[in-house]
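# Fold and contact review
Listed below are the residues making up each chain.
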Amino acid sequence: MTLDRNHYECIVRLENLQLNYGKVEALKNISFEVKNNEIVGLIGDNGAGKSSLIKVITGVEKPTRGKLFVRDKEISFKGHSVKKVHDLGIETVYQTSSLGEKQSLWRNFFVGRQIKNRWGLIDVQKEKTIAQEMLLEKIGFRGVGITVDSPISELSGGERQGVAIGRAMYFDADLIILDEPTVALSLKEVAKVLNFVREIKDSGRSCIYIEHNMYHVYEVCDRFVILDRGEVVNVIEKHEISLNQLNEYLLSLSTKKSV
Amino acid sequence: MQSNDTNAINGAGSGKDPEIRTHIGKWARIEGLPIILVFLGLIGLFMIAAPKTFLGYYIYMSFLSTIPPPLILGLGLTLIIAGGEIDLSFPSIIAFAGFVFAYLFKNYQWTWAAFILTILAGIIIGLINGLIITKIGMPSIIATLSTGFFWTGLTVVFSGGLSYNIAELEKLNIYEFFVHRIGGIFPVQSLWALGIAVILWFVLNRSAFGEHILFMGDNLQVAKVVGINVDRTKIVLFVLMGALSAFAGLLLTIENTTFWATQGSGFLLIVMAAVFIGGTSIFGGQGIIVGTFFGSFIVGSIEAGIVATGIQGFYTRLVVGLVLLVAISFHLFMEKPEKRAILANFFKFHR
Amino acid sequence: MKFSFKVLGMFVLSIACFFGFNAADSSAQLLGDGMTIYFQMGGDPGGAATLPRTNGARDAAKAFGVKLVEQYSGWQQELMIKQMKEAMAANPDGISIMGHPGEGAFGRLVKEARGRGIVVTTGNTPLPGLQATYGAGGFGYAGVVLYEGGKITAQEMISKGGLKKGDKVLVYGLLSQGPRGESTRGMKDTLDAAGMTVDYLEISNEVNRDFTLCAPIITAYLTKNSDLKAIGTQHGGITATLPRVLKNAGKKPGDIIIGGIDLAPATITGLEEGYITAALDQQLYLQGFLPVVQIVLSKKYGFAGLTTNTGAGVVTPETIGALVPLIKAGIR
């Protein structure tokens, strides 16, 4: 499938998206877009609908109504799956549910996209070699006693994010979605993640960055989309607002709720 | 000098004595090693305590003719449990499949056609299990418990509770194919079971399908997120178990050239015991085929060994229970890196 | 070392003792000395239908100096086959089996065992075909002649219980389990012939093993059939459960006649209270004792297999009293 890298306006666009879980309206008639080579910060309180939005884009959930466009072409939700999404060049790094705890690093790296040998079985050697290369050399993994055979449960929080991000990088996505990637990371690791986000921009790709911590997200984003209770309440370009103003605005939103 | 315990707790242990660690580490990596050792130890014990029985070949040949059916069930169950599910309907598949084969042979003299239909019956039962679990969303423990009753009941209804004597099968090719004695003594069904064990090892550990099972058992949410079609994987998994159970029922029925309406009903607990003795965790996410293989042999031989040593029959359950507890505790112990390091420490001290 | 009379004395004394003991031993040589017998007890260790059999076998083994190896199968047929194979691996002098798995499954194994000189005999449930073939080599049967047993029980129910033509009777049995169903058949045939209105219920696999589970089934049947006059069964555990079920349903002794089998503690109470009219006594102890005797004599002297009907007759409320102490000891 040829990916037309440069000749589109929006890598991803959602039109009039509605997602209901039974009676609960998780997403109310949302329109949302990420332009070519743009870093969008997706901000909102818990329950605002950030995760639901991502799940719809990435094929984990099917919406009640609405349209999805990838590279300006409409994508049908029928048969829209995580696998398809990977083929479309969209990768996700989730906060907690990216990796299988008991499984080894090399399995986590390639699961769902296994490299097969001529017998149709997994080429374990190849997968281990590539995982080794990526993690130790490209990402600079220095975890003591960690090898590609280590189960994820033996890795620290930062190391786990490293694996998930490394995986997304390896599979060369045009849109990388980061779901609160700096939670529970040390300062050094946070800096790494932010550098990585800058790298995404520099390499011509796009990113949706979900974050609570304004100090992190403000730095690297081009635009902010603010969700509140399933609706888009505001879309602000970075140059239109300062960090302090953004913080104040978000605070006012949350206090308005408690009234 | 930094104590090994600190390293052990950090899960690293790469600091002091890497030689010891890799030594133990290398052995610990052989799948199912603890259970192989327990099994050999038990046989050794039996040889000492009951030499008349256990130093001859006959008892082992007898095991190789009676253990394959529960062994095959255990292998299938290992995959199911690794996938985070459970199947309680396999005893009833043993009965139903046995009935299908015996009925078709007795009334129409079908052999190979009966074989195919028997496996097909298992596949259909497994498919029904899978559909109930995925489409209706019933937890597998409840679903398979219920379908188990259903198929057992259906078997009794169809067979009238009667047992079928199919001794005429002995003269036919199909009998030789499945239960021939090589050299007059070696039961060929054990080779079938071995073959299935090898295939299932590759399925679980080297195929994409197997990897999907592992991730599904590890964390369902993660499995969905990494693109695994969870519903399809579950259905295929239960279909596979259905087919394997039917095959096990077939081997049992052909070996005994008899179908009993209640056959298989005693297998539920012993097969599960074999799987857990083998080291597979009830929580899913991993499955130790080699462990189940030797666990089945332990469970299948232990009562015979105990009575042969002259320990009064009343004690056998007691001893089986003890062995189970010890074996599983041992597994849980060995799972944790810090406990493995304590063991390594112990050996170092005694060098 | 200095010579010591004390040490010499001790030495001589021990030699004398050694010979003395051996002399004492050789005069008390038991018939089955050095023999090993593998015995399939049928149910679970200590189970109601199994314990008297176990005690009988153990007593016989002790009396004859035989090493007894007990096997328990929970009545699972494929397990009985497995245990026969394992018994043969020990090359014992004799193996006592039961007929449940049937001749199709046992045929091959018995042939092989006989080929190796192992005496095979059976108890509790017969294997008539194999007995005919291998009787000369010691293949006997110690158990109830099942059809007769059912017949006798039914006859007692009719005569002692005062049942009349057209009375409604429930037969709760195992008609479908091949040879084992013969006892139920004997009972049912007799009741049919006497003109009773016979209703039949099959005992499920679960109830067969865990007989207290019959309570709700029988209770439901009672409420639906208020004109029921009698219940007949040839299952020991169910016999023991029925008195309590009737009591809980508000029935008094004699309202519904019970005919059953075996003498479990609850059955004894049922007989004493009058709820149970007749219980066929299998004399399970003999089903354990006699096969051991059979094997010892056949192995040693080549005697042929004997058929012994251990179902001597029924126990009634009148005759139960004398048996109570023996039953408490797990003998009857």
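Cut-offs used in this document
Along every chain, residues carry numbers that run from 1 in the direction the sequence is written. In the order they appear in the text, chains get letters beginning with A and ligands get numbers beginning with 1. Only residues with pLDDT of at least 70 get local features here, since the model is predicted, and only at 80 or more are side-chain atom pairs given and counted; chain-wide, interface and lining totals rely on the full set of residues. Computation of side-chain values covers all heavy atoms of the structure but excludes hydrogens and water. In DSSP terms, a helix is any run of H or I states spanning at least four residues, a strand is any run of E spanning at least two, and both are numbered starting from the N terminus. We call a residue buried when its accessible area falls under 20% of the maximum for its residue type, exposed when it is over 50%, and partly exposed in between, using a 1.4 Å probe and counting protein chains only. Between two residues, a contact is recorded if the distance between any of their heavy atoms is within 4.5 Å. What counts as a ring pair is set by centres within 6.5 Å for rings of Phe, Tyr and Trp (its six-membered ring), and what kind of pair is set by the plane angle: stacked under 30 degrees, edge-to-face over 60, tilted for all other angles. Note on criteria: charge over ring means Lys NZ or Arg CZ within 6 Å of the ring centre, with the direction from the centre no more than 35 degrees off the ring normal. A patch consists of residues exposed above 30% relative accessible area that lack any salt bridge, with like charges linked at up to 9 Å and nonpolar side chains (Val, Leu, Ile, Met, Phe, Trp, Tyr) linked at up to 5 Å. Here the Shrake-Rupley method, with its probe set to 1.4 Å, supplies the accessible areas, and only the displayed protein chains count as covering residues. A pairing counts as a salt bridge when a side-chain nitrogen of Lys or Arg comes within 4 Å of a carboxyl oxygen of Asp or Glu. Paired strands, in this sense, are two strands between which DSSP finds at least two bridges. The axes used here are C-alpha line fits, helices contributing only the stretch in contact, and every angle between their N-to-C directions lies in the interval 0 to 180 degrees. Look down the strands so they point away from you; if the path from the first strand over the helix to the second goes clockwise, the crossover is right-handed. N or O atoms within 3.5 Å of each other form a polar contact, as long as, within protein, one can give a hydrogen and the other can take it, and as long as residues adjacent in sequence are counted only when both atoms are side-chain atoms. Each residue gets one label: Ala, Val, Leu, Ile, Met, Phe, Trp, Tyr, Cys and Pro are nonpolar, Asp, Glu, Lys and Arg are charged, and the others, such as Gly, are polar. Here the quantity called buried area is the total loss of accessible area, with a 1.4 Å probe, experienced by two parts when brought into contact, counted for both. Only buried residues count toward a nonpolar core. Its members are Ala, Val, Leu, Ile, Met, Phe, Trp, Tyr and Cys residues joined through side-chain atoms within 4.5 Å. Note: pLDDT gives the predictor's confidence per residue, expressed from 0 to 100.

### Looking at the overall build of chain B
Regarding its fold elements, chain B presents 18 helices and four strands. Expressed as a percentage of the 351 residues in chain B, the buried residues total 55%. Put simply, of all contacts in chain B between residues at least 6 apart along the chain, 75% involve residues at least 24 apart.

### Some words on the packing of aromatic side chains
The geometry of an aromatic ring pair is captured by the separation of the ring centres together with the interplanar angle, meaning the angle of the planes. Considering all chains together, one arrives at 35 aromatic pairs over all chains under this definition. Pairing phenylalanine 293 of chain B with phenylalanine 294 of chain B gives two aromatic rings, centres 5.5 Å apart and planes at 75°, and the pair type is edge-to-face. A residue is classified by how much of its surface remains accessible, and phenylalanine 293 of chain B, at 16% relative accessible area, is buried. Aromatic rings pair up to connect Phe99, Tyr103, Tyr108, Trp110, Phe158, Tyr164 and Phe259 of chain B into one cluster. Sitting above the plane of the tyrosine 58 of chain B ring, arginine 116 of chain C keeps its charged end 4.4 Å from the centroid.

### Regarding a nonpolar patch on the surface
Residue and element names in this part refer to chain B. Taken together, the side chains of Tyr103, Tyr108, Trp110, Leu117, Leu120, Ile123, Ile124 and Ile128 define a hydrophobic patch exposed on the protein surface, amounting to about 670 Å² of accessible area. Within the residue set of the nonpolar patch, elements represented by two or more residues are helix H7 (90-108) and helix H8 (112-136). Of the residues forming the nonpolar patch, the biggest block, five residues, is contributed by H8. Mapped onto the elements, isoleucine 124 comes out in helix H8.

### Some details on the sheet that holds strand E5 (residues 73-75) of chain A
Residue and element names in this part refer to chain A. Reading across from one edge, E2-E1-E4-E5 is the order of the four strands in this open sheet, with antiparallel pairing throughout. Each edge of the open sheet carries a strand with a single partner, namely strand E2 (24-35) and E5. Here the strands of the sheet are splayed against their neighbours by 25° on average, with no regard to which way each runs. Both strand E4 (residues 65-70) and E5 contribute to a ladder of three bridges, which runs antiparallel. Residue pairing for E5: valine 70 is matched across the bridge by lysine 73.

### Some words on the pairing of strand E4 (residues 119-123) of chain C
All names here are of chain C. Most of E4 is tucked away: five of the five residues are buried. Alternating residues of E4 divide into Val119, Thr121 and Gly123 and Val120 and Thr122, and every residue in both groups is buried. Bridge analysis of strand E3 (residues 94-98) against E4 gives five bridges, and the strand direction is parallel. Across the sheet, isoleucine 95 pairs through a bridge with valine 120, a residue of E4. Regarding the hand of the β-α-β motif, the stretch spanning E3, helix H4 (residues 103-115) and E4 is right-handed. Examined bridge by bridge, E4 and strand E5 (residues 141-143) share two bridges and lie parallel to one another. Within E5, the position partnered with glycine 123 by the bridge is alanine 142. Chirality of the crossover, the property in question, places the unit of E4, helix H5 (residues 128-134) and E5 among those that are right-handed.

### A short note on the interface of chain A and chain B
Each side of the interface is counted separately: chain A has 26 residues, and chain B has 23 residues. Counting every contact that joins chain A to chain B gives one salt bridge. The partner of arginine 107 of chain A in a salt bridge is glutamate 211 of chain B, with the nearest N and O atoms 2.8 Å apart. Our count for the chain A to chain B interface comes out at 10 residue pairs in polar contact (both at pLDDT 80 or more). The set of elements that each furnish at least two residues to the side of chain A that touches chain B consists of helix H2 (82-87) and helix H3 (105-110) of chain A. A per-element tally of the side of chain A that touches chain B places H3 of chain A first, with four residues. Grouping the constituent residues of the side of chain A that touches chain B by class yields 10 nonpolar, eight polar and eight charged.

### Some details on the pairing of E4 of chain A
All names here are of chain A. Looking at chain direction, strand E1 (residues 10-21) and E4 are connected through five bridges and run antiparallel. By the bridge assignment for E4, glutamine 18 is matched with arginine 65. Linking two consecutive strands that pair antiparallel, namely E4 and E5, is a turn of two residues; a positive phi of about 50° is found at arginine 71 within it.

### What to know about the interface of chain B and chain C
Counting from both sides, the interface comprises 39 residues of chain B and, opposite them, 36 residues of chain C. In total, chain B and chain C occlude about 2,900 Å² of area from one another, counting both sides; carbon and sulfur atoms represent 50% of this. It is Tyr58, Trp260 and Phe314 of chain B in chain B that bury the most area against chain C; as a group they hold 24% of the surface buried on that side. Summed over the shared surface of chain B and chain C, the number is two salt bridges. Close ionic contact of glutamate 255 of chain B with lysine 85 of chain C constitutes a salt bridge, the shortest N to O distance being 2.7 Å. Where chain B packs against chain C, one counts 14 residue pairs in polar contact (both at pLDDT 80 or more).

### Examining the nonpolar core
Residues Phe178 and Phe247 of chain B together with Met84 and Val110 of chain C are the most contacted members of the largest nonpolar core, which totals 123 residues. Ranked by residue count, the leading element in this core is helix H14 (residues 230-256) of chain B, at 13 residues. Aside from chain neighbours lying at most four places away, what touches phenylalanine 247 of chain B is Ile72, Phe115, Ile119, Phe178, Trp192 and Ile196 of chain B. In this structure, Val12, Leu17, Leu53 and Ile54 of chain A belong to the second largest nonpolar core, which totals 33 residues.

### A look at the sheet that holds strand E11 (residues 307-309) of chain C
All names here are of chain C. Ordered in space as E2-E1-E3-E4-E5-E11, the six strands form an open sheet in which the pairing is parallel. Since the sheet does not close on itself, it has two edges, and those belong to strand E2 (67-71) and E11, each with one partner. Direction aside, the axes of adjacent strands within the sheet are offset by 20° on average.

### Quick look at the pattern of salt bridges
On inspection of all chains with the given rule, the structure shows 23 salt bridges over all chains. Glutamate 86 of chain C is the partner of lysine 82 of chain C in a salt bridge, and the nearest nitrogen-oxygen pair spans 3.0 Å. Highlighted residues: lysine 82 of chain C and glutamate 86 of chain C, both in helix H3 (residues 77-89), separated by four residues, approximately one helical turn. Look at lysine 82 of chain C and you get buried, because its relative accessible area is 15%. Judged by its relative accessible area of 5%, glutamate 86 of chain C falls in the buried class. A cluster of three or more residues bridged by salt bridges with shared partners is formed by Arg181 and Glu255 of chain B together with Lys85 of chain C.

### Quick word on the side chain of threonine 147 of chain B
Position of threonine 147 of chain B among the secondary structure elements: in helix H9 (residues 140-159). Beyond its immediate stretch of four places on either side in the chain, threonine 147 of chain B contacts Ser89, Ser92, Asn129 and Ile132 of chain B.

### Overview of the environment of lysine 135 of chain B
Inspection of the secondary structure puts lysine 135 of chain B in helix H8. Each C-alpha atom of the pair lysine 135 of chain B and aspartate 231 of chain B lies 8.2 Å from the other, and the pair is 96 residues apart in sequence.

### So, the confidence of the model for chain C
Residue and element names in this part refer to chain C. Chain-level statistics for chain C give a pLDDT mean of 88 and a share of 91% at 70 or above. Here helix H1 (residues 5-26) is the element of chain C with the lowest mean pLDDT, 56, and E3 is the one with the highest, 97. For the stretch residues 20-27, pLDDT sits under 50, and the model shows zero contacts to residues farther than four places along the chain or on other chains. Scoring the predicted complex yields pTM 0.83 and, for the interface, ipTM 0.82.

### Some thoughts on the side chain of threonine 118 of chain B
Residue and element names in this part refer to chain B. Inspection of the secondary structure assignment puts threonine 118 in helix H8. Residue classification places threonine 118 among the buried residues on the basis of a relative accessible area of 0%. Filtering out sequence-adjacent residues up to four positions away, threonine 118 remains in contact with Ala97, Val100, Phe101, Ala246 and Leu250.

### Considerations on the environment of lysine 300 of chain C
All names here are of chain C. In this fold, lysine 300 is placed in helix H12 (residues 284-301). Classification of lysine 300 by relative accessible area gives partly exposed; the value is 44%. Along the primary structure lysine 300 and methionine 35 are separated by 265 residues, whereas in three dimensions their C-alpha atoms are 9.7 Å apart. In contact with lysine 300, not counting residues within four places along its chain, are Leu31 and Met35.

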